[in-house]
Structures are given as structure tokens and as C-alpha cells.
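Here is how the chains run, residue by residue.
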Amino acid sequence: MAAGPNTRASDGDRDKVASVLREHYAQGRLTVEEFDERLEQLYTSRTYGELATLTSDLPDVDLQGLSNASSRLSERGGRPGGHQASHRALKSVWATWAVASGINWMVWFIVGATDGFDFPYPWPLWVMGPWGAMLLLTTVVTGLGRDRNP
């Protein structure tokens, strides 16, 4: 007997749809906001019809290959996109830190140069030091800086 749109969905059904959404997010079909919004709706959905609306605008996904994709996601720590996405995010955060640090040092230099080269206390260290230390700690603890095979 086929399940209709008003039939209650199980936790396993919701997990399968979550895997589909993660796969589409990893492939770039969903933005972060859309992905988060659909996940919220997913876990409040009760019927197959409600689950179907979450993926109705997405191309079909091979559910047989989905079990392999789910295991790859769990190996990656559940992050869509895996190591490449983590590496890009890590580079982006470190680049932001470097730009902010550079701007602070430039301001410090300009203040010192316009004051007859009487440079003030190196206050940019207080901006870049704690922030950089937290980034370094996060990078080391989470292992995002290591090269892993995806």
C-alpha cells in the first residue's frame, strides 16, 4: 500500500529528506539561509506531503547513492561540502583577520608618522593578538588546517 501525502512520516523519513537537503546545499542549489529554513521546517513536518514540499523545487536525487553521501557527510563531521568548504571558510576567516590587522597597523603608523615619528604604544597587538590566538586555537583543535583526504 502506497503512502499518501497525509500519511505520517517517521524520523527515518525526515533523516532521508535532511540528507537530500544537505546534498543540494553542498552542490550549491540552496543558500545557507534556505538550507537552515528548510531544516527547521523539516523537523516540524508530520506528513509525507509536508516533507515533499521541502524538496519540490529541487531536482531528483538518487536515493540509492544517498546512503553513500550520508556516510561521507558523517565522516566529514556533518559539514556540507566537507573539507573544501571548511578550507575555504578557514582561509576566509584568516584573510579577514589579516586585513583587519593590516588596517590597524596602518592607522598606528599614520598616527606615529604625523606626530614626528614618535610612535605610540603598539595597540594593534591588542586587536590582532587575542583574535589571532582564538583563530589559531580553533584551527588546531578542530583540525581544519590539516590536509585530509575528502
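Now for a description of the structure that goes with this document. (Residues numbered from 1 in each chain as written. Predicted model: local features only at pLDDT ≥ 70, side-chain atom pairs only at ≥ 80, totals over all residues. Heavy atoms only, no water.)

Let's shift gears to unusual backbone geometry. Even without being glycine, Phe 117 reaches a positive phi, approximately 55°. Tracing the backbone through its elements, the reader meets Phe 117 in the loop between helix 5 (82–114) and helix 6 (124–142). Phe 117 sits in the exposed class, given a relative accessible area of 58%. (Helix = DSSP H or I, 4+ residues; strand = E, 2+ residues; numbered from the N terminus. Buried < 20%, exposed > 50% of the residue type's maximum accessible area, 1.4 Å probe, protein only.)

As for its position among the elements, Tyr 121 is in the loop between helix 5 and helix 6. On the basis of relative accessible area, Tyr 121 is assigned to the exposed category, the value being 55%. On a C-alpha basis, the gap between Tyr 121 and Trp 108 in space is 8.8 Å, while along the polypeptide they are 13 residues apart. Sequence-distant contacts of Tyr 121, defined by excluding residues within four places in its chain, comprise Trp 108 and Trp 126. (Contact = heavy atoms within 4.5 Å.)

With that out of the way, let us pick up the nonpolar core. Among the nonpolar cores identified, the biggest contains 11 residues, and these are Ala 9, Val 17, Ala 18, Leu 21, Leu 30, Phe 35, Leu 39, Leu 42, Leu 51, Leu 54 and Leu 58. Of all the secondary structure elements, the ones that give two or more residues to this core are helix 1 (11–26), helix 2 (32–42) and helix 3 (48–55). Among all residues touching Ala 18, those that are not within four sequence positions of it are Leu 39, Leu 42 and Tyr 43. (Core = buried A, V, L, I, M, F, W, Y, C linked by side-chain atoms within 4.5 Å.)

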